[in-house]
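Residues per chain are reported as follows:
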There are 2 protein chains.
Amino acid sequence: MSKVAIIGAGRVAVNLAPALCGSGAQIVEVWSKSRASAEALAGRLGCRSSWGEVDRVTCDADIYVIAVRDDVLPDVVRRLHVGREQALMVHTAGSLPLSLFVEAGHERAGVFYPMQTFSKERQVDFSRVHFFIEASIPDDEAALQDLAFRLTGDAAFVHKSTAALRRRLHLAAVFACNFLNHCCTLSADILDEDGLPFSVMLPLVDETVAKLHELTPREAQTGPAVRRDANVTGLQKAMLAARPDLQEIYSMLTKSIQRYDKL
Amino acid sequence: MSKVAIIGAGRVAVNLAPALCGSGAQIVEVWSKSRASAEALAGRLGCRSSWGEVDRVTCDADIYVIAVRDDVLPDVVRRLHVGREQALMVHTAGSLPLSLFVEAGHERAGVFYPMQTFSKERQVDFSRVHFFIEASIPDDEAALQDLAFRLTGDAAFVHKSTAALRRRLHLAAVFACNFLNHCCTLSADILDEDGLPFSVMLPLVDETVAKLHELTPREAQTGPAVRRDANVTGLQKAMLAARPDLQEIYSMLTKSIQRYDKL
């Protein structure tokens, strides 16, 4: 069985590493810049830890799953090369190319992109995570598909990808996750002026998303914008006069809803 | 027991009327502009129907629950006055004032605002709908609170409101429902270019919303904007070059996420 090293102990790693462990993968070491984070995650997994400079990580793993910030990933990949030339190097990022491994001299490289939002406070259920897989060598692609299949238990969630497709998926995910979540941040901010907690909106948010399991988002749309109720949209825009940032977002999204409704 | 007439057979009425019926309210008649819609809903409820001009509706009800488009509501309210001066007139809208009943001569007026998104294709579970209640007379306010309590079965979902509070709730709901849903429309549009169905995003959307039951939206935020990953946000913005409408929304929401993260 392949020996896996986890590089990183952030949001992705603390969700992915225990799931890999639970699916039967042999995790031999966790590395993190921070000793406390490395030891905490390694403790959960019952494996070794290392910290500080990334080249202190074991040379003994077959697969290095690198789940670090996009902006430090190229440097981490470069520093991992010497002594680990035979290993499969894999990253989990949505928008970084496979080629950054090649540029660092790695021959066996892959992408293992779980299209999900990860927080430290919550353990993700990997049986419902779509994985998008790339690899420079067919055997490694098969190995990564197998790893993803063991996590999801469902071949329909394991996809062969390309860098271009993964970038577009990541962009679509930013709209469906980060921007969707931000609409709730803005809603919470409006409620906060009346001292109301965002929890009052949860039944509405839950129903809005439940509908998306039965209707397309365009079919599911309701509200003053799509019914072209200019009285209400005008009133609501005026209510945001003291918040030009929210007013601008309100106008733009209202116009966009109406544009899509016409298509 | 109060006799209830339902004015309208649109999204709100086809959800609310059967729920009222199921909670023990006595619905005597459904009116709709369209005969087919009136008869269809009345058939489900086992009550009379009327259609065409709204003043053809029965004069025999104690409560008229008016669930029509905001833009026709003032006219409907005016036409319902003669012969129904003693009845309680109630609307279900988020942003229209109670005063429009007074202007039409009605003394007994109320608002029965269910803060939820309604579609004809899906029956809403009213046990998780927050109701915001107003009335011109305290006895009617109590009667409407009782009606809402019978629908939800939980006093924590029944709220006394004011027009100002209800307007702000409606505005917050537009962000948390309509704008949130529109982010999914935009995501679906991006996926569509690769021939992918939006269902591939549902595990991500579900997890994003599940997190909101445990974290505030600001705590729950992830992605390139909040981690100030200028490489990815720059790349994603460039990917939308052929779609200036999406690019503008992308830039604006990215900036807004970063602004809230600094607060």
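Relevant structure appears above.
Residues numbered from 1 in each chain as written. Chains lettered and ligands numbered in written order. Predicted model: local features only at pLDDT ≥ 70, side-chain atom pairs only at ≥ 80, totals over all residues. Heavy atoms only, no water.

Colleague: If you had to explain the overall build of chain A to someone new, which residues and values would you point to?
Modeller: Within chain A, the regular secondary structure consists of 10 helices and 8 strands. For chain A, the spread of C-alpha atoms along the three principal axes comes to 70 × 40 × 35 Å. When each of the 263 residues of chain A is scored for burial, the buried share is 59%. The long-range fraction of contacts in chain A, counting pairs at least 24 apart against all pairs at least 6 apart in sequence, stands at 54%. Accessible area for chain A stands at about 10300 Å²; split by element, carbon and sulfur atoms hold 51% of it. Positive and negative side-chain charges of chain A, numbering 29 and 32 respectively, have mean locations separated by a distance of 3 Å. (Helix = DSSP H or I, 4+ residues; strand = E, 2+ residues; numbered from the N terminus. Buried < 20%, exposed > 50% of the residue type's maximum accessible area, 1.4 Å probe, protein only. Contact = heavy atoms within 4.5 Å. Areas by Shrake-Rupley, 256 points an atom, 1.4 Å probe, with all protein chains shown as cover. Lys, Arg positive; Asp, Glu negative; His and termini not counted. Charge placed at Lys NZ, Arg CZ, Asp CG, Glu CD.)

Colleague: Which residues make up the packing of aromatic side chains, and what are the values?
Modeller: Residues and elements named next belong to chain A. What the rule picks out here adds up to 14 aromatic pairs over all chains. Each ring, one from Phe-126 and one from Phe-131, has its centre 6.1 Å from the other, and the planes form 25 degrees; the classification is stacked. As far as the burial class goes, Phe-126 and Phe-131 line up, both buried. Here the aromatic residues Phe-112, Phe-118, Phe-126 and Phe-131 are joined through ring pairs into a cluster of three or more. (Phe/Tyr/Trp six-rings, centres within 6.5 Å; stacked < 30°, edge-to-face > 60°.)

Colleague: If you had to explain the environment of B:Ala210 to someone new, which residues and values would you point to?
Modeller: Residues and elements named next belong to chain B. Summarising the element assignment, Ala-210 is placed in helix α7 (residues 202-211). Overall, the relative accessible area of 24% leaves Ala-210 in the partly exposed class. Each C-alpha atom, one on Ala-210 and one on His-182, is 19 Å from the other, the two residues being 28 residues apart in sequence.

Colleague: How would you summarise the pattern of salt bridges if you had to cite specific residues and measurements?
Modeller: Residue and element names in this part refer to chain A. Throughout the structure, instances matching the rule amount to 44 salt bridges over all chains. Between Glu-29 and Arg-48 there is a salt bridge, and its shortest N-O distance comes to 3.2 Å. In this pair, Glu-29 sits in strand β2 (residues 26-32) while Arg-48 sits in strand β3 (residues 48-51), placing the two residues 19 residues apart along the sequence. Assessed through its relative accessible area of 45%, Arg-48 is described here as partly exposed. (Salt bridge = Lys/Arg side-chain N within 4 Å of Asp/Glu carboxyl O.)

Colleague: Summarise the pairing of strand β2 (residues 26-32) of chain B; cite the residues concerned and give the values.
Modeller: A regular strand carries its side chains on alternate faces of the sheet. All names here are of chain B. Along β2, 6 of the 7 residues are buried, which leaves the element largely enclosed by surrounding structure. Across 5 bridges, strand β1 (residues 3-7) lies against β2 in parallel orientation. Bridging across to β2, Ile-7 finds its partner in Trp-31. As a crossover connection, the stretch from β1 through helix α1 (residues 11-22) into β2 is right-handed. Across 4 bridges, the pairing between β2 and strand β3 (residues 48-51) is parallel. Bridging from a neighbouring strand, Trp-31 pairs with Ser-50 of β3. Following the backbone out of β2, through helix α2 (residues 35-45) and into the adjacent parallel β3, one traces a crossover that is right-handed. (Pairing = 2+ DSSP bridges. Right-handed = clockwise from strand over helix to strand, strands pointing away.)

Colleague: Mind laying out the side chain of A:Thr92, listing which residues take part and the relevant values?
Modeller: Residue and element names in this part refer to chain A. As for its placement among the helices and strands, Thr-92 is situated in the loop between β5 (88-91) and α4 (99-103). The class of Thr-92 is buried, set by a relative accessible area of 10%. Setting aside residues up to four positions removed in sequence, Thr-92 forms contacts with Val-12, Leu-16, Val-65, Ile-66, Ala-67, Phe-112, Tyr-113 and Pro-114.

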